[in-house]
Amino acid sequence: MKQRLLVLNGQRLVQSEQGGQWATDKVEKAGAVKPGIYDIHLATAPDKNKRQDGPIVYVDKTSVYQQVGRIFIKHARADFDKVPEVGANSSVKYEGGKAHATPSTIKLGRGIS
């Protein structure tokens, strides 16, 4: 099933594709997630040997979705002792098969040079 996340006007809409049309499944407050269209159905499995840095864009019953650059990583929710907060810029690292999320020290944005 294809899913996407639409964030606009302070709202976060979870949509799924049904019969070629996008249908809204859930509407929530956007919180700290930046406005945009997030195609979370394109998410890939994490490389458990590397650290992933980026914002957590969505959490459901089974998965934690993180944006790393322009791609999305789909972490298993069961791998976390404490699930990271949606919108938090996190650094996810795997140790002993368990995922640990800490606040990321990497700042995203443009500076004046």
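Relevant structure appears above.
Residues numbered from 1 in each chain as written. Predicted model: local features only at pLDDT ≥ 70, side-chain atom pairs only at ≥ 80, totals over all residues. Heavy atoms only, no water.

Here we take up the environment of H75. On the secondary structure map, H75 appears in strand β7 (residues 71-76). With 27 residues separating them in the primary sequence, H75 and K48 have C-alpha atoms 9.8 Å apart. Ignoring anything within four residues of it in the chain, the contact list for H75 reads P46, Q52, T62, S63, V64, Q66, F80, V92 and Y94. In this structure the side chain of H75 is engaged in a polar contact, spanning 2.9 Å, whose partner is the side chain of Q66. (Helix = DSSP H or I, 4+ residues; strand = E, 2+ residues; numbered from the N terminus. Contact = heavy atoms within 4.5 Å. Polar contact = N/O pair within 3.5 Å; in protein donor to acceptor, adjacent residues only side chain to side chain.)

The next subject is the sheet that holds strand β8 (residues 89-95). Pairing within the open sheet is antiparallel, and its five strands lie in the order β7-β6-β5-β8-β9. Only two strands of the sheet have a single neighbouring strand rather than two, namely β7 and β9 (98-103). Neighbour to neighbour, the strand axes of the sheet diverge by 45° on average, direction disregarded. Bridge count between strand β5 (residues 52-59) and β8: four bridges; the pairing is antiparallel. Each residue of the ladder has a partner; that of P55, found in β8, is N89. (Pairing = 2+ DSSP bridges. Axes fitted to C-alpha atoms, helices over the stretch in contact; angles between N-to-C directions.)

Time to look at the pairing of strand β3 (residues 21-29). Examined bridge by bridge, strand β2 (residues 11-18) and β3 share eight bridges and lie antiparallel to one another. Opposite E17, over in β3, you have W22 as the bridge partner. Hairpin connection from β2 to β3: two residues lie between these consecutive antiparallel strands, with G19 at a positive phi of about 65°.

Moving on, we get to unusual backbone geometry. At N9, a position not held by glycine, the phi torsion is positive, near 50°. Note on placement: N9 falls in the loop between β1 (3-8) and β2.

By size, the foremost hydrophobic cluster in this structure holds 12 residues: L5, V7, V14, A30, V33, Y38, I40, A43, V57, Y58, Y65 and F72. Where this core is concerned, the elements lending two or more residues are β1 and β5. The residues contacting L5, other than those within four sequence positions of it, are R12, L13, V14, G36, I37, Y38, V57 and Y58. Of all hydrophobic cores here, the second largest spans seven residues; its members include V64, F80, V92 and A99. (Core = buried A, V, L, I, M, F, W, Y, C linked by side-chain atoms within 4.5 Å. Buried < 20%, exposed > 50% of the residue type's maximum accessible area, 1.4 Å probe, protein only.)

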